[in-house]
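# Observations on chain architecture
Take a look at the letters that make up each chain.
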Amino acid sequence: MKIATWNVNSVRTRLQQVTDWLQQHSVDVLCLQETKVVDADFPVAAFEQIGYHAYIYGQKSYNGVALLSREPLDSVSYGFAAVVEAEQVGDLDEQKRVITGVAQGIQIVNLYVPNGSSVGSEKYAYKLQWLSLLKQYLAQLLAENSALLVCGDFNIALEDRDIYDPANKQTHIMSSAAERQALQQVLKIGLKDAFRKFTEAEGHYSWWDYRAAAFRRNLGWRIDHHYLSELLYEQAKSCVIDTAPRRLEKPSDHAPVIVEIG
DNA sequence: ATGGCCTGTTACACAGGA
């Protein structure tokens, strides 16, 4: 079973690229982030025409996540509040960043973690608070299903080898100590990085800034991840970043990451 | 040293991204 994650930076702008990619790769489930569209305007038909069911959770202009699946998914739910007590969630579901569903028994969680803007900002505090709630949310899901896959755009590079230049990591968003610690706390419930099961080397990234010819120079960050529960980690067969779509005209700034289970 | 680009909005610059 193949599951992919891809921050497409607007599903409408990237529609042709995403449908082309699906037809070339025929993954079982594709998790999209930054769809940037309200549900009524999501291009559902374009995906149904190529054999995918679409489960969408969007908002106007910003954020937005979706699950595209060859087979219908079971138990699809939207936001933290489907799992965690409402008083714990507070306003953290206002931005549409969390969707989950079950495919062939695997609980697939698709996340768009807040960017955080800059270290010490209000958005940064929001990001850390959001990650704290995420831990509760995932712990509860894992207690109900030991086959848990958590993927998406985490906006965090966990290790220095995940960054082209870690020189300013402490002050840079996506690599500060507090962000890394917050994500480590989440992973402590029993999740492991699928990519690092197969690849130890540095220089593998999933996001490159549009500016300064960053992709051509491979000045990137690995911030899009597949985290697997122990059960699935043992079954993982491969995990690769597909840089081909990043080379196209008008690409997303992120590349898709594909994991194969069982 | 800085910022460089891209998307969506009811826009004709801005916020937000990372």
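Now for a look at the structure at hand. (Residues numbered from 1 in each chain as written. Chains lettered and ligands numbered in written order. Predicted model: local features only at pLDDT ≥ 70, side-chain atom pairs only at ≥ 80, totals over all residues. Heavy atoms only, no water.)

## Considering the sheet that holds strand β14 (residues 257-261)
As summarised here, the arrangement of the six strands in space is β3-β4-β2-β1-β14-β13, forming an open sheet in which the pairing is mixed. Since the sheet does not close on itself, it has two edges, and those belong to β3 (53-57) and β13 (236-241), each with one partner. Within this sheet the neighbouring strands show an average axis-to-axis angle of 15 degrees, counted without direction. Inspection of the sheet shows strand β1 (residues 2-7) paired to β14 by four bridges, in the antiparallel sense. Bridge pairing in β14 links Thr5 to Val257. (Pairing = 2+ DSSP bridges. Helix = DSSP H or I, 4+ residues; strand = E, 2+ residues; numbered from the N terminus. Axes fitted to C-alpha atoms, helices over the stretch in contact; angles between N-to-C directions.)

## Considerations on the protein's contact with DNA strand B
Around DNA strand B, a shell composed of 24 residues is seen, among which Ser10, Tyr112, Asn115, Met174 and Arg211 lie nearest. The protein-proximal atoms of DNA strand B, defined as those within 4 Å of the protein, are 76% sugar or phosphate. The separation between a base nitrogen of DNA strand B and a polar side-chain atom of Asn115 is 3.0 Å. Between Asn155 and DNA strand B, the recorded distance is 2.9 Å, taken from a side-chain N or O atom to a phosphate oxygen. The class makeup of the residues in the surface near DNA strand B is seven nonpolar, eight polar and nine charged. (Near = heavy atom within 4 Å. Polar contact = N/O pair within 3.5 Å; in protein donor to acceptor, adjacent residues only side chain to side chain. Nonpolar A, V, L, I, M, F, W, Y, C, P; charged D, E, K, R; others polar.)

## Some details on the packing of aromatic side chains
Across all of its chains, the model carries seven aromatic pairs by this definition. Here Tyr57 and Tyr78 contribute two aromatic rings whose centre-to-centre distance is 5.6 Å and whose plane-to-plane angle is 55 degrees, an arrangement assigned as tilted. With Tyr57 in strand β3 and Tyr78 in strand β5 (residues 74-78), this pair connects stretches of sequence that are 21 residues apart. Given the relative accessible area of 12%, Tyr57 is considered buried. Judged by centre distance (5.0 Å) and plane angle (90 degrees), the rings of Phe154 and Tyr227 are edge-to-face. Taken together, the positions of Phe154 in the loop between β8 (148-153) and α5 (177-187) and Tyr227 in strand β12 (residues 224-229) put the pair 73 residues apart, joining distant regions of the chain. Each member of the pair, Phe154 as well as Tyr227, is classed as buried. One aromatic cluster is present, built from ring pairs that chain together Phe80, Trp130 and Tyr137. Sitting above the plane of the Tyr233 ring, Lys197 keeps its charged end 5.3 Å from the centroid. (Phe/Tyr/Trp six-rings, centres within 6.5 Å; stacked < 30°, edge-to-face > 60°. Buried < 20%, exposed > 50% of the residue type's maximum accessible area, 1.4 Å probe, protein only. Lys NZ or Arg CZ within 6 Å of the ring centre and 35° of its normal.)

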